[in-house]
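# Report on the structure
One letter stands for each residue in the lines below.
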Amino acid sequence: MDFTDVKRRGLVMLGCGKMGSAMLEGWLAKGLPSGKVWVIDPHPSDWLSARGVHLNADLPADPAIALVAVKPQMMDDALPRLARYGGGGTLVISVAAGTPVATFEAAFGENTRVVRAMPNTPAAIGKGITAIIGNGASDADDMDLAAALLEAVGQVVRLETEDQIDAVTGVSGSGPAYVFYMIDALAAAARAEGLPDEMAMDLAKATVAGAGALAMAAGETPEQLRVNVTSPNGTTQAGLEVLMDPRTGLGPLMRATVTAAADRSRALKG
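Residues numbered from 1 in each chain as written. Predicted model: local features only at pLDDT ≥ 70, side-chain atom pairs only at ≥ 80, totals over all residues. Heavy atoms only, no water.

## Focus on the overall build of the chain
A tally of helices and strands in the chain yields twelve helices and eight strands. With the principal axes as the frame, the chain shows a C-alpha extent of 70 × 40 × 35 Å. Every one of the 270 residues in the chain was classed for burial, and the buried ones make up 37%. Considering only residue pairs separated by 6 or more positions, the chain has 61% of its internal contacts joining residues 24 or more positions apart. Counting every atom, the chain has about 14600 Å² of accessible surface; 57% of that belongs to carbon and sulfur. Treating the 22 positive side-chain charges of the chain as one cloud and the 30 negative ones as another, the clouds have centres 3 Å apart. (Helix = DSSP H or I, 4+ residues; strand = E, 2+ residues; numbered from the N terminus. Buried < 20%, exposed > 50% of the residue type's maximum accessible area, 1.4 Å probe, protein only. Contact = heavy atoms within 4.5 Å. Areas by Shrake-Rupley, 256 points an atom, 1.4 Å probe, with all protein chains shown as cover. Lys, Arg positive; Asp, Glu negative; His and termini not counted. Charge placed at Lys NZ, Arg CZ, Asp CG, Glu CD.)

## As for the environment of Arg226
With respect to the helices, strands and loops of the structure, Arg226 is situated in helix H10 (residues 222-228). The class of Arg226 is partly exposed, set by a relative accessible area of 29%. Considering only alpha carbons, one finds Arg226 and Thr236, ten residues apart in sequence, at a separation of 9.2 Å. Other than its neighbours up to four places away in sequence, Arg226 contacts Leu240 and Met244.

## Side note on the packing of helix H7 (residues 164-173) against helix H8 (residues 175-192)
When two helices pack together, you describe them by how their axes are tilted relative to each other and by the distance separating the axes. At their nearest, the axes of H7 and H8 sit 5 Å apart, and the two run at 30° to each other. Here H8 runs roughly parallel to H7, going by the angle between their axes. In this structure, H7 contributes Gly170, Val171, Ser172 and Gly173 to the contact, and H8 contributes Gly175, Pro176 and Tyr178. (Axes fitted to C-alpha atoms, helices over the stretch in contact; angles between N-to-C directions. Parallel < 35°, antiparallel > 145°, perpendicular 65-115°, else oblique.)

## Brief notes about the side chain of Arg116
Mapped onto the fold, Arg116 is located in strand S6 (residues 114-118). Since its relative accessible area comes to 5%, Arg116 is described here as buried.

## Re unusual backbone geometry
Its identity as a non-glycine residue notwithstanding, Asn56 has a phi of 55°, on the positive side. Position of Asn56 relative to the elements: it lies in the loop between strand S3 (54-55) and strand S4 (65-68). In this model, Asn233 sits at a positive phi of 60°, which is unusual for a non-glycine residue. Note that Asn233 resides in the loop between H10 and helix H11 (235-243). Classification of Asn233 as exposed rests on a relative accessible area of 71%.

## Concerning a nonpolar patch on the surface
Nonpolar side chains collect at one region of the surface, where Leu243, Met244, Leu250, Leu253 and Met254 lie side by side and expose about 420 Å² of accessible area between them. Its place among the elements puts Met244 in the loop between H11 and helix H12 (250-269). (Patch = residues over 30% accessible without salt bridge, like charges linked within 9 Å, V, L, I, M, F, W, Y side chains within 5 Å. Salt bridge = Lys/Arg side-chain N within 4 Å of Asp/Glu carboxyl O.)

## Remarks on the packing of H8 against helix H9 (residues 197-217)
Where H8 contacts H9, the axes come no closer than 8 Å and their chain directions differ by 135°. As the angle between them shows, H8 and H9 are arranged oblique. Between H8 and H9 the crossing geometry is right-handed. Contacts between H8 and H9 involve Val179, Ile183, Asp184, Leu186, Ala187, Ala190 and Arg191 from the first element and Asp197, Ala200, Met201, Ala204, Lys205 and Val208 from the second. (Left-handed = near helix turned anticlockwise from the far one by under 90°.)

## Quick look at the pattern of salt bridges
Under the criterion given, the structure shown has eight salt bridges. The closest approach of N and O atoms between Arg116 and Glu162, which form a salt bridge, is 2.8 Å. Taken together, the positions of Arg116 in strand S6 and Glu162 in the loop between strand S8 (154-158) and H7 put the pair 46 residues apart, joining distant regions of the chain. A residue is classified by how much of its surface remains accessible, and Glu162, at 25% relative accessible area, is partly exposed. In this structure, Asp263 and Arg266 form a salt bridge, with 2.8 Å as the shortest nitrogen-oxygen distance. Remark: Arg266 and Asp263 occur in helix H12; sequence separation between them is three residues, near one turn of the helix.

Here's what the structure looks like:
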């Protein structure tokens, strides 16, 4: 199965909020005909309504993909809408947070091909990173197709086991919120040093965004990039001595932060 097959047989989306809309926009830009997309969403956005897709209409008999993008608390009510695709030629892809593969196997049958995906919120602007894992019924072609579809909103990494989703949740799933808080904290520190509010926030946002873009584009490691801008006994070194303190610095704090989020992800499954 490849993207050509999706264009021929079609794609069904169960839910199309911000994440789903970002993916759909990417697929349409890559040439997926709007007439080959069926969307079930009780509260469609104006953007979605204007895309020319089949909206809350009768579903096709054998689509290539059924993508589940509803909130976990809506899953029990929503999944029966797609029950007809269980065990057939349709690949089920889930981007629903916190919902294990077993939930879909229980709803569709263990022989249904399922790929679970964990995207993050920057996917809404095409800058996300998504981790994927397939069930026993899925094969390499299914994983390749899922990756190709999800690359419409950013990078894709492939997990070895579903348990790794908890670590992914702690790092990239929850991670944007950590960075947003860091921006606020950096701006607050700038204000404390006497800069006006708007300038402090502009400096904080641009510094974090620029450093992230440089880290992605450079051939050097983040460690080497840090070394490159750290002059001996200079201002950066003075700041880093606080930030890199082995007991009270950012390293142990980030470890505790990611561990807490990953532990919570594990607990929610219980």
